[in-house]
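Structural overview
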Amino acid sequence: MSALHPQQLAHQRARRLNIALLVWLILSPLGFAEQDLRLTDAWIRYLPGSGPMAGYFTLSNASDQPVSIVSASSPAFERITLHETVERGGETSMQSVEGGVTVTASGSVTFRPGGYHLMLMQRQRAIKIGDRIEITLRFGDNRSLTAPFLVKASGTQ
Amino acid sequence: MRQWWLAMLVMLTVLVGCSDEAPPWRTKDITGLMPRLQFALTDEQGKSVSAEDYNGKVTLLYFGYTFCPDVCPMTLGRLASAIKHLDPAAQARVQVLFVSVDPRRDTPTRLRDYTAAFGPEFVGLSGTQEQLQTLTKHYRVTYGYGEPDASGNYAVSHSSAVYVFDPQGKIRLLLRDDDSIKAIAQDLARLTKAS
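Residues numbered from 1 in each chain as written. Chains lettered and ligands numbered in written order. Predicted model: local features only at pLDDT ≥ 70, side-chain atom pairs only at ≥ 80, totals over all residues. Heavy atoms only, no water.

Quick look at the overall build of chain B
Counting its regular elements, chain B contains six helices and 10 strands. Its C-alpha atoms put chain B at 90 × 30 × 30 Å along the principal axes. Within chain B, contacts between residues at least 6 apart in sequence are counted, and of these 74% link residues at least 24 apart. Accessible surface computed for chain B: about 9,900 Å², of which carbon and sulfur atoms make up 57%. A gap of 6 Å separates the mean positions of the 21 positive and 21 negative side-chain charges of chain B. (Helix = DSSP H or I, 4+ residues; strand = E, 2+ residues; numbered from the N terminus. Contact = heavy atoms within 4.5 Å. Areas by Shrake-Rupley, 256 points an atom, 1.4 Å probe, with all protein chains shown as cover. Lys, Arg positive; Asp, Glu negative; His and termini not counted. Charge placed at Lys NZ, Arg CZ, Asp CG, Glu CD.)

Here's the deal with the overall build of chain A
Helix and strand counts for chain A come out as one helix and 11 strands. Counted from the first residue to the last, chain A has its helices and strands arranged as α-β-β-β-β-β-β-β-β-β-β-β. Principal-axis analysis of the C-alpha atoms gives chain A an extent of 75 × 45 × 25 Å. Carbon and sulfur atoms provide 51% of the accessible area of chain A, an area that totals close to 8,600 Å². For chain A, the distance from the average site of its 15 positive side-chain charges to the average site of its 12 negative ones is 11 Å.

Regarding the environment of G115(A)
One can find G115(A) in the loop between β8 (107-111) and β9 (116-123). On a C-alpha basis, the gap between G115(A) and Y56(A) in space is 9.5 Å, while along the polypeptide they are 59 residues apart. Beyond its immediate chain neighbours, meaning those up to four positions away, G115(A) contacts H83(A), E84(A), T85(A) and D70(B).

Quick look at the confidence of the model for chain B
Per-residue confidence for chain B averages 91 on the pLDDT scale, and 92% of its residues sit at or above 70. Two numbers describe this predicted complex: its pTM, 0.84, and its ipTM, 0.84. (pLDDT = per-residue confidence, 0-100.)

Some remarks on the interface of chain B and chain A
Listed by partner, the interface residues are 29 residues for chain B and 29 residues for chain A. Across the chain B/chain A interface, buried area totals approximately 2,000 Å², and carbon plus sulfur atoms make up 54% of it. Taken together, the connections running from chain B to chain A amount to one salt bridge. One salt bridge connects D149(B) with R79(A), and the closest N-O pair in it is separated by 2.5 Å. (Buried area = accessible area lost by both parts, 1.4 Å probe. Salt bridge = Lys/Arg side-chain N within 4 Å of Asp/Glu carboxyl O.)

Points about the sheet that holds strand β6 (residues 122-125) of chain B
All names here are of chain B. Taken together, six strands build an open sheet; the order of strands is β1-β10-β9-β4-β5-β6 and the sheet is mixed. Pairing within the sheet leaves two strands with one partner each, and these edge strands are β1 (28-29) and β6. Relative to strand β4 (residues 58-64), helix α2 (residues 71-84) is tilted by about 165°, and along the sheet it contacts β4, β5 (94-100), β6, β9 (162-165) and β10 (171-175). (Pairing = 2+ DSSP bridges. Axes fitted to C-alpha atoms, helices over the stretch in contact; angles between N-to-C directions.)

Written out as structure tokens, the structure reads:
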């Protein structure tokens with residue numbers, strides 16, 4: 001069999017990658033999993049300009065050990081921190097979460113508006129509604145889980 | 001004698017029937033508890049504006065900042081949802097004034113782009129610290145700046161309530177995070193019909 005031309009090889013590889021991505025996206029309603037950890041309903045609230053945006057998701061832990069979300073990263077943002085919105089006496093503020101967010105054994109945690117959220121800072125490229133942005137969550141036991149977060153309109157409830 | 005009793009009965013019935021008990025508001029009624037809408041600020045075009053420029057519509061006043069990715073857009077999103085529940089004529093009689101308590105970062109242009117993401121009824125206003133403090137003292141609103149991090153980012157804490165004024169600029173309602181969108185929409189619909 002004659003060797004494939006380099007261009008044809010690159011083409012073939014691109015096609016394979018596209019198919020893999022398509023399969024990944026089709027299976028995404030099932031959640032993104034890492035052993036007993038499953039990440040679902042991952043989304044980002046779009047805001048115009050260059051300020052931070054918020055990322056939300058549900059993480060389920062089917063194992064018999066608690067797991068801690070300690071950090072997050074993404075090629076699309078320079079820095080991501082774990083934050084919590086706190087209301088005290090009618091005044092609201094956002095605080096950095098020290099020590100990570102623990103998901104109990106056979107439990108789940110939801111990062112949602114008004115509660116825990118990923119603070120996504122310094123976007124590295126233009127982002128628009130409908131984009132799927134890869135974010136990696138890192139856990140206390142050094143495991144990690146990467147999933148696409150869907151960018152939704154600013155007023156999304 | 002019997003005619004007198006009959007007349008009394010009729011009068012009482014009429015009086016009871018006419019008792020004008022307005023249904024309770026779904027959100028918190030604070031009529032008369034705060035001063036009328038009053039401020040001197042800068043609008044999204046960089047123009048100086050006062051409360052009089054916003055007379056004639058039901059006005060929702062909310063304090064926040066655009067570098068807030070969670071609670072401010074969540075609140076504005078809830079207001080946008082409530083407004084969408086109204087019929088188009090009522091929607092045209094509602095405006096949301098988003099007053100930035102972060103004038104250092106929130107320029108008029110930035111505010112314009114931000115409020116556009118929530119709807120045409122949303123207007124961003126900014127001001128000097130002096131103008132902001134006059135306004136926030138009036139409505140007993142507090143705000144404060146957090147420590148900047150290594151990159152200079154800082155959070156701003158602020159009151160989470162939304163103040164609702166009627167088209168004449170009188171304070172009427174207080175909206176809180178636990179008010180349902182339906183309750184907010186019902187009260188807004190009622191206020192737009194009131195005048």
